[in-house]
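# Topology and contacts: notes
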Amino acid sequence: MTAITNHLPTAELQALDAAHHMHPFTHGDGMNAKGARIITRARGVTLTDSDGNEILDAMAGLWCVNIGYGRDELAEVAARQMRELPYYNTFFQTSHVPAIALATRLAELTPGDLNHVFYAGSGSEANDTNIRMVRTYWAEKGAPERNIIIARKNGYHGSSMGSASLGGMGGMHAQGGMPIPDIHHIDQPHWYAEGGDTDPEAFGLARARQLEEKIEELGPHRIAAFIGEPVQGAGGVIIPPDSYWPEIQRICDKYGILLIADEVICGFGRTGNWFGSQTYGIRPDIMTIAKGLSSGYAPIGGSIVSDEVARVLNGCEFNHGYTYSGHPVSCAVALENLRILDEEGIVTRVADETAPYLKEKWESLAAHPMVGEARIVGLMGSLALTPDKSARAKFASDPGTVGYICRERCFANNLVMRHVGDRMIISPPLVISKAEIDTLVGRAWRSLDEAERQVRDAGLMQAAA
Ligand SMILES: *Cc1c(COP(=O)(O)O)cnc(C)c1O
């Protein structure tokens, strides 16, 4: 067998990648024609590719490398755990120290009475768990007809059948027969794109009240839960109006339905608090966690549930679990990650220093001729690209055409900034320094300038009718 190393020429790696590796969320032929960018190593906030380029990763991988790349402590912990107990399961009345220690720590960190962790291997798995958990909860309480879960259009909750059904991504639902039954979607609190002439706070209230309307339409006795991300991430970093979450909370309380906060991105410091629920005053019955839980160093996710949810579920045998629920290496890595986040004051530093610093710089991008809005909370931000700022106009081209051009300019300028349609988004590692923030915003400006020129030259600076 050929040894495949970082030292092979890029073109050779790309050819093997194209021949044998199928990528998630990727048009295979399109990518294979030009070759994937191959990342070989990373430190702090900086990636190195196979051609030696140093790239500022303003996405923290996929929103997950909260403590930054290259922390030896996590590698040490993983190696130690692999030697001591590389694997054991938590089915059939067994447990192990890493699973216990991490669950205990999570119970301390999470707000309210979220004191009980059910482990999964990812955010998708955890949200699949949540579907079965809330339906089982109501069945155990003698209300099996309460099986409907209400979610939001353009929400993202993962890519498995259950979690993608909770999500509201049309492109995903179109492939493979989703959503599964008894999942309903209401509109998102996306004022910039959908708010028209209404005041943002009034719009936030109206969008939250769609939950009440949907509950009344379907019958309150049928509703098990509502799920939402405190801030929609993959949908384009959609920051809700302040009026939104308090109204959602009021409605969930009024009808006694379970509130699931999907904290997979917002959790572990992203919004300047440990959890997005704290930033937005949400009191969830269940939280989904993954990504920043281990800073992406090992795959792990989970559902943290309230005392009441745990009490009811513990009253039955819950016929559900994953081989890697509570994987000892992942738990040990996550615990070390939480120690570093806490002891190095990383979350506090985001709130007190880097988030305010980035906010000022980021919002200054709104002065760019092609930027219709620049918004940010904590260290997750978005730009809406537009051909006409005053009208908040969309481009006449297919959604994502201009966003893709801008993303390509970012890549060329050694900045990873993603596009969702014609929105540009960032979510850098929480350890980003002020100097690195200057670099990030500088490269973003340059990329926007270059993209604008390219868009004009291609005749794409046209508003949709
Ligand atoms: C990424 C994500 C998920 C899915 O997590 P995976 O680990 O990719 O399965 C779920 N919810 C949200 C909010 C996410 O951003």
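The sections below set out a description of the structure shown in this document.

Here is what the cut-offs are and how they apply
- Residues numbered from 1 in each chain as written.
- Predicted model: local features only at pLDDT ≥ 70, side-chain atom pairs only at ≥ 80, totals over all residues.
- Heavy atoms only, no water.
- Axes fitted to C-alpha atoms, helices over the stretch in contact; angles between N-to-C directions.
- Helix = DSSP H or I, 4+ residues; strand = E, 2+ residues; numbered from the N terminus.
- Parallel < 35°, antiparallel > 145°, perpendicular 65-115°, else oblique.
- Left-handed = near helix turned anticlockwise from the far one by under 90°.
- Contact = heavy atoms within 4.5 Å.
- Nonpolar A, V, L, I, M, F, W, Y, C, P; charged D, E, K, R; others polar.
- Buried < 20%, exposed > 50% of the residue type's maximum accessible area, 1.4 Å probe, protein only.
- Lys, Arg positive; Asp, Glu negative; His and termini not counted.
- Salt bridge = Lys/Arg side-chain N within 4 Å of Asp/Glu carboxyl O.
- Polar contact = N/O pair within 3.5 Å; in protein donor to acceptor, adjacent residues only side chain to side chain.
- Phe/Tyr/Trp six-rings, centres within 6.5 Å; stacked < 30°, edge-to-face > 60°.
- Lys NZ or Arg CZ within 6 Å of the ring centre and 35° of its normal.
- 1 Å grid on protein atoms, 1.4 Å probe; cavity = no way out; pocket = protein on both sides within 12 Å on 5 of 7 lines; lining within 4 Å.
- Points joined across faces, edges and corners; volume = space filled by probe spheres on them.
- Pairing = 2+ DSSP bridges.

What follows covers the packing of helix α15 (residues 346-364) against helix α17 (residues 434-457). Running from N to C, α15 and α17 point in directions that differ by 20 degrees, and their axes come no closer than 10 Å. Between α15 and α17, the angle is such that the two are roughly parallel. Between α15 and α17 the crossing geometry is right-handed. Contacts from Glu353, Thr354, Tyr357, Leu358, Lys361, Trp362 and Ser364 in α15 reach Lys434, Ile437, Asp438, Leu440, Val441 and Trp445 in α17. Each residue belonging to the contact of α15 with α17 can be placed in one class, and the counts come to 7 nonpolar, 2 polar and 4 charged.

Okay, the side chain of Asp262 next. Position of Asp262 among the secondary structure elements: in strand β8 (residues 258-262). In this structure Asp262 is buried but unpaired, with Lys291 as the nearest side chain of opposite charge at 7.2 Å. In terms of polar contacts, Asp262 uses its side chain to reach the side chain of His157, at 2.7 Å. A distance of 3.0 Å separates the side chain of Asp262 from the backbone nitrogen of Val264, its partner in a polar contact. Leaving out residues up to four positions away in the same chain, Asp262 has contacts with Asn127, Tyr156, His157, Ile227, Gly228, Glu229, Pro230 and Thr288.

This brings us to the packing of aromatic side chains. Inspection of every chain in the model, using the stated rule, returns 8 aromatic pairs. With a centroid separation of 6.5 Å and 65 degrees between ring planes, the pair formed by Phe25 and Tyr156 is classed as edge-to-face. Residue Phe25 is found in the loop between α1 (10-20) and α2 (28-34), and its partner Tyr156 is found in the loop between β5 (148-152) and α7 (161-166); the two are separated by 131 residues along the sequence. With 5.4 Å between their ring centres and 80 degrees between their planes, Tyr244 and Trp245 make a pair best called edge-to-face. Each member of the pair, Tyr244 as well as Trp245, carries the same accessibility label: buried. Grouped by ring-pair contacts, the aromatic residues Phe226, Tyr244 and Trp245 constitute a single cluster. The positively charged end of Arg146 is found above the aromatic ring belonging to Trp138, 4.2 Å away from the centroid. Between the NZ or CZ atom of Arg392 and the centre of the ring of Tyr192, over which it lies, the distance is 5.6 Å.

Attention shifts here to the layout of surface pockets. Of the voids in this model, the second largest pocket is the one considered here, and its volume is about 870 Å³. Lining the second largest pocket we find 26 residues, and of these Thr90, Val117, Phe118, Asn314 and His320 sit closest to its centre. Looking at the lining of the second largest pocket element by element, the count peaks at 5 residues for strand β4 (residues 114-120).

One can find Gly372 in strand β11 (residues 371-377). In the structure, Gly372 is positioned 216 residues away from Tyr156 in sequence and 24 Å away in space, judged by C-alpha atoms. With residues near it in sequence (within four places) discarded, Gly372 still touches Tyr192, Ala384 and Thr386.

Taking strand neighbours across the sheet as the criterion, the 4 strands line up as β11-β12-β15-β14 in an open arrangement whose pairing is antiparallel. Strands at the two margins of the open sheet, each flanked by one partner only, are β11 and β14 (418-420). Across this sheet, the average inter-strand angle for adjacent strands is 25 degrees, counted without regard to direction. Bridge count between β11 and strand β12 (residues 380-385): 6 bridges; the pairing is antiparallel. Opposite Ala374, over in β12, you have Leu383 as the bridge partner.

Moving on, we get to the sheet that holds strand β9 (residues 286-289). Spatial strand order, β4-β10-β9-β8-β7-β5-β6: 7 strands in an open sheet with mixed pairing. Two strands lie at the open edges of the sheet, namely β4 and β6 (183-186), each paired on one side alone. Going from strand to strand, the sheet's axes swing by 25 degrees on average, the running direction of each strand aside. In this fold helix α5 (residues 97-109) packs onto β4, β9 and β10 (301-306), with an angle of close to 135 degrees to the strand it touches most, β4.

What follows covers the pairing of strand β2 (residues 46-49). Where strand β1 (residues 39-43) lies against β2, 4 bridges are found, and the strand directions are antiparallel. Across the sheet, residue Ala42 finds its bridge partner in β2, namely Leu47. The hairpin turn running from β1 into β2, its antiparallel successor, is 2 residues long, and Gly44 in that turn takes a positive phi close to 55 degrees. Pairing geometry for β2 and strand β3 (residues 54-57), over 3 bridges, is antiparallel. What sits directly across from Thr46, in β3, is Leu56.

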